[in-house]
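The residues making up each chain are set out below.
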Amino acid sequence: MGLRNRAGRVRRIAVMVTAVTSAFTLSGCSAIFGRSEASDIARINVSSPDLREGKPLPRQHSCKGTVGSPALRWSSRPLPDAKSIAIVVDSHTPSEPAVHWVIYNIPATTTELGPGAAESPPEGSGQAKVTSGKTGYQPPCEPGGSYRFSVYTLSGKVTDDEGAPLSEILKQIADRTIARGRLTAVNIE
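What counts as what
Residues numbered from 1 in each chain as written. Predicted model: local features only at pLDDT ≥ 70, side-chain atom pairs only at ≥ 80, totals over all residues. Heavy atoms only, no water. Helix = DSSP H or I, 4+ residues; strand = E, 2+ residues; numbered from the N terminus. Core = buried A, V, L, I, M, F, W, Y, C linked by side-chain atoms within 4.5 Å. Buried < 20%, exposed > 50% of the residue type's maximum accessible area, 1.4 Å probe, protein only. Contact = heavy atoms within 4.5 Å. Pairing = 2+ DSSP bridges. Axes fitted to C-alpha atoms, helices over the stretch in contact; angles between N-to-C directions.

**Q** How do you make sense of unusual backbone geometry when you look at a structure like this?
**A** The general pattern is negative phi for most residues beyond glycine and trans for most peptide bonds. At N105, a residue that is not glycine, the phi angle is positive and equals roughly 60°. With respect to the helices and strands, N105 occurs in strand β5 (residues 98–107). The phi angle at N187 is positive, at roughly 70°, despite the residue not being glycine. With respect to the helices and strands, N187 occurs in the segment after β9 (177–186).

In structure tokens, the structure reads:
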């Protein structure tokens, strides 16, 4: 009985993650997120010494490695309304979508995180429970997937009530997004 309830909960989270992720990529998302036009969202350039756009996720950042989250760097035009940064790592795999890491309330002046940042996050930041039900970076494991490392500049901080559900954290990120960028790895080495 408990496994059935857990499986149902995981499916609901996966559906919600897919919906939120799809909404982030849609243009003209005013009905969902309260933005009048997609052009309101500035572009963030995301790079990494560990990842290359469209190339496989290095093994050391997967469930077969020991490094944890990869180093990420980002930049954008000056955004005077920037109050914090959030990073969401999600995947679309043959089995089902998942969220592997959500870190938020990173100071707006931060422009990079080193490898394994989930183990030693920036002061004042928070990490959400992800699809697996665990907090922190949960390394992708399934080959054949698309792994997206998305960086968002937010106009405010995420309120992180103890035990807030993943859907609530993602909604707050979506509602406060003023800039976004992404680096996508395909498959795992």
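**Q** Please clarify how the nonpolar core should be interpreted in this entry.
**A** Nonpolar side chains in soluble globular proteins tend to be buried together. Ranked by internal contacts, the top residues of the largest apolar core, which has 26 residues, are L72, W74, I87, W101, L113, F149 and V151. Looking at this core, the elements that each hand over two or more residues are β3 (72–75), β4 (84–92), β5, β8 (146–154) and β9. Per-element accounting of this core gives the leading share, four residues, to β9. Sequence-distant contacts of I87, that is, excluding residues within four places in its chain, are made with L72, W74, W101, V102, I103, I106, L113, S150 and V151. Within the second largest apolar cluster, 15 residues are counted, among which are A86, V88, L154 and L166.

**Q** Any chance you could explain the sheet that holds β8 here in plain terms?
**A** Consider a sheet: its strands pair through backbone hydrogen bonds, and that pairing is either parallel or antiparallel. Here six strands make up an open sheet; going across it, the order is β1-β9-β8-β4-β5-β7 and the pairing mixed. Two strands close off the open sheet at either side, each with one partner strand: β1 (42–43) and β7 (126–127). Sheet topology places β8 next to β9; nine bridges connect them, and they run antiparallel. Of the residues in β9, the one forming a bridge with R148 is T184. Relative to β5, helix α3 (residues 166–176) is tilted by about 55°, and along the sheet it contacts β4, β5, β8 and β9.

**Q** Sorry, what's going on with the environment of T135 here?
**A** Mapped onto the elements of the fold, T135 is located in the loop between β7 and β8. Measuring from C-alpha to C-alpha, the distance between T135 and I103 comes to 9.5 Å, with 32 residues separating the pair along the chain. Those residues in contact with T135, other than ones at most four positions away along the chain, are Q127, A128 and K129.

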